[in-house]
Amino acid sequence: MTEDPLTEEACREQLIPLGQSPRSRRDLFLRKMLWIGVWLVFLSAPVHDLVSGNHTTGATVAGWLGLAVFVGVYLTLVFRDMGSPAPPRRVGALIVVLGVLATLLSLTLGAPWLALYCYVSVACGATLPLRAACWAIPGTAGVLLLVGLSVGEQHALDLLILVILIGFAMTGVVQLVRTTIELRKARATVAQLAANEERLRLARDLHDLLGHSLSLITLKSELAGRMLPDHPDKAAQQVADIEQVSRQALVDVREAVTGYRRPRLAAELAGAQVALTAAGVTAQVPAEPDLDGVPEDGESALAWALREAVTNVVRHSGAGRCTVELLGRQTLDGPVLELSVEDDGSGGSGKGPGNGLTGLTERLEKVGGTLEAGRVRHGFRLVARVPTATGVDVVSGA
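Residues numbered from 1 in each chain as written. Predicted model: local features only at pLDDT ≥ 70, side-chain atom pairs only at ≥ 80, totals over all residues. Heavy atoms only, no water.

A. Quick peek at empty space enclosed by the protein. Counted by the stated rule, this structure contains one cavity of 30 Å³ or more. Roughly 30 Å³ of volume is contained in the largest cavity. Lining the largest cavity we find His-212, Ser-215, Leu-216, Leu-219, Ala-275, Val-310, Thr-311 and Val-314. Only α8 (153-227) and α11 (296-317) provide two or more residues apiece to the lining of the largest cavity. Classifying every residue of the lining of the largest cavity by side-chain character gives five nonpolar, three polar and no charged. (1 Å grid on protein atoms, 1.4 Å probe; cavity = no way out; pocket = protein on both sides within 12 Å on 5 of 7 lines; lining within 4 Å. Points joined across faces, edges and corners; volume = space filled by probe spheres on them. Helix = DSSP H or I, 4+ residues; strand = E, 2+ residues; numbered from the N terminus. Nonpolar A, V, L, I, M, F, W, Y, C, P; charged D, E, K, R; others polar.)

This is how it looks when you write it as structure tokens:
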């Protein structure tokens, strides 16, 4: 016999979803009632004393009124201020009111009313800061003993350990609640940081991809425009190249958006040769290197660095010559693969590092690499390094 799935779903909706943040005020109320209501069992002693007929009618009525006021103050205090910061003066005043009521009712109606000190201890543990609760709970136990000397010493001794234990148990519950709240906030912060990091990654990828591709398209468009009147065949070839670059840029952007793109250094070397030649820059670019021992992340970071460097040479430097080198070096921190891009241009007109160099620095730092960029004697030089597992022999482009 199978249960109705709608009934199961309704039961699940009615359960208190422990471990999750409250979804409504009703959910929060039920949770607090779960933790607070369990202590109402200690009201059995005062209630039994009132219904047993041991007191006069006036004393019984006064006892019911006093008990109602005590429970109302207790629930108001604990429901509003359990696990949340509250004005210390108001909390302290309400706890004093609870203590005074417990003392008056115990001295007036007898030993069974000493159980009210359990609620005073719970209120101290649930609403006071930890340091204050560590003093208030033993203080409550001390008052219990003093009152017990007058109305029932043995009864007070029986309640002494319980009053101390439940008070400190509530401090543990409150600390757990506060820790859970902090963990939820930390988890939300981590999720937000992860989303920001993903946005930065996408921004870097799109900047590097579109900057390079659009620069190449612009150059080839200018060449086609100059060739069109006198050399239509060559202009048509440039237009065909523009179409090919545009299609590849579209593919790269789609792959970057999905997060699976890993640019290869060999492909970027070939693309650098084409871009520099199309821009009229004399290029010295190495052949496909041996990348054994170079992690994929490190190769990808170098490929991005090469693309950004070549894009800057083509767009900003006004250079006539560019040299690309790949060298394996041994440093104090271990073997590294070094990419060097040097040109004889001006290095651009910016006063500080642009978005491209900032993004490259972040990429290289993630794989343990470094980036150096700046003017040299006869131009501008960019050097990117990534660690390698073993020494790598690489052919220099110089």
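B. Fine view of the side chain of Asp-343. Relative to the elements of secondary structure, Asp-343 occurs in strand β3 (residues 334-343). Within the buried core, Asp-343 has no salt-bridge partner, and the shortest N-O distance to an opposite charge, that of Arg-321, equals 7.8 Å. A polar contact is formed between the side chain of Asp-343 and the backbone nitrogen of Gly-345, at a distance of 2.7 Å. Not counting residues within four places of it along the chain, the set of residues in contact with Asp-343 comprises Val-313, Ser-317, Ala-319, Arg-321, Cys-322, His-378, Gly-379 and Phe-380. (Buried < 20%, exposed > 50% of the residue type's maximum accessible area, 1.4 Å probe, protein only. Lys, Arg positive; Asp, Glu negative; His and termini not counted. Salt bridge = Lys/Arg side-chain N within 4 Å of Asp/Glu carboxyl O. Polar contact = N/O pair within 3.5 Å; in protein donor to acceptor, adjacent residues only side chain to side chain. Contact = heavy atoms within 4.5 Å.)

C. The packing of aromatic side chains, seen in detail. According to the stated counting rule, one finds two aromatic pairs in the structure shown. Ring geometry for Phe-70 versus Tyr-119: centroids 6.1 Å apart, planes at 80°, classification edge-to-face. Placement of Phe-70 in helix α4 (residues 57-81) and of Tyr-119 in helix α6 (residues 116-127) is noted, with a sequence separation of 49 residues between them. When sorted by exposure, Phe-70 lands in the same class as Tyr-119, which is buried. (Phe/Tyr/Trp six-rings, centres within 6.5 Å; stacked < 30°, edge-to-face > 60°.)

D. Just the sheet that holds strand β2 (residues 321-331), in detail. What the five strands build is an open sheet, ordered β1-β2-β3-β5-β4; its pairing is mixed. In the strand order of this sheet, the two ends are held by β1 (282-284) and β4 (370-376), each with one partner. Ignoring which end each strand starts from, the neighbouring axes of this sheet average 15° apart. Examined bridge by bridge, β4 and strand β5 (residues 379-387) share seven bridges and lie antiparallel to one another. Bridge pairing in β5 places Arg-375 opposite Phe-380. Along the sheet, helix α10 (residues 265-278) makes contact with β1 and β2, crossing β2 at roughly 155°. (Pairing = 2+ DSSP bridges. Axes fitted to C-alpha atoms, helices over the stretch in contact; angles between N-to-C directions.)

E. View of α10. Under the 1.5 Å per step criterion, the end-to-end length of α10 is 20 Å for 14 residues, consistent within 8% with the ideal 20 Å. Taken together, the buried positions of α10 are occupied by Leu-265, Glu-268, Leu-269, Ala-272, Ala-275, Leu-276 and Ala-278. Of the residues flanking the end of α10, it is Gly-280, one or two places downstream, whose phi is positive at about 80°. (Expected span 1.5 Å × (residues − 1).)

F. Seen up close, helix α3 (residues 44-51). Three or more residues of α3 are buried, namely Pro-46, Asp-49 and Leu-50. All buried residues of α3 fall inside an arc of 95° around its axis, so they share one side. Residues His-48 and Val-51 are exposed on α3 and point more than 90 degrees away from its buried face. Residue Gly-53 follows α3 closely and has a positive phi angle near 80°. (Arc of directions from axis to C-beta.)

G. Main features of the packing of helix α5 (residues 88-109) against helix α7 (residues 130-151). It is at 9 Å that the axes of α5 and α7 come closest, and there the two elements cross at 15°. Taken together, the axis directions place α5 and α7 in an arrangement best described as roughly parallel. Relative to α7, the crossing made by α5 is right-handed. When α5 is examined against α7, the residues Thr-103, Ser-106 and Leu-107 are found in contact with a partner set consisting of Val-143, Val-147, Ser-150 and Val-151. Taken together, the residues of the contact of α5 with α7 sort by class into four nonpolar, three polar and no charged. (Parallel < 35°, antiparallel > 145°, perpendicular 65-115°, else oblique. Left-handed = near helix turned anticlockwise from the far one by under 90°.)

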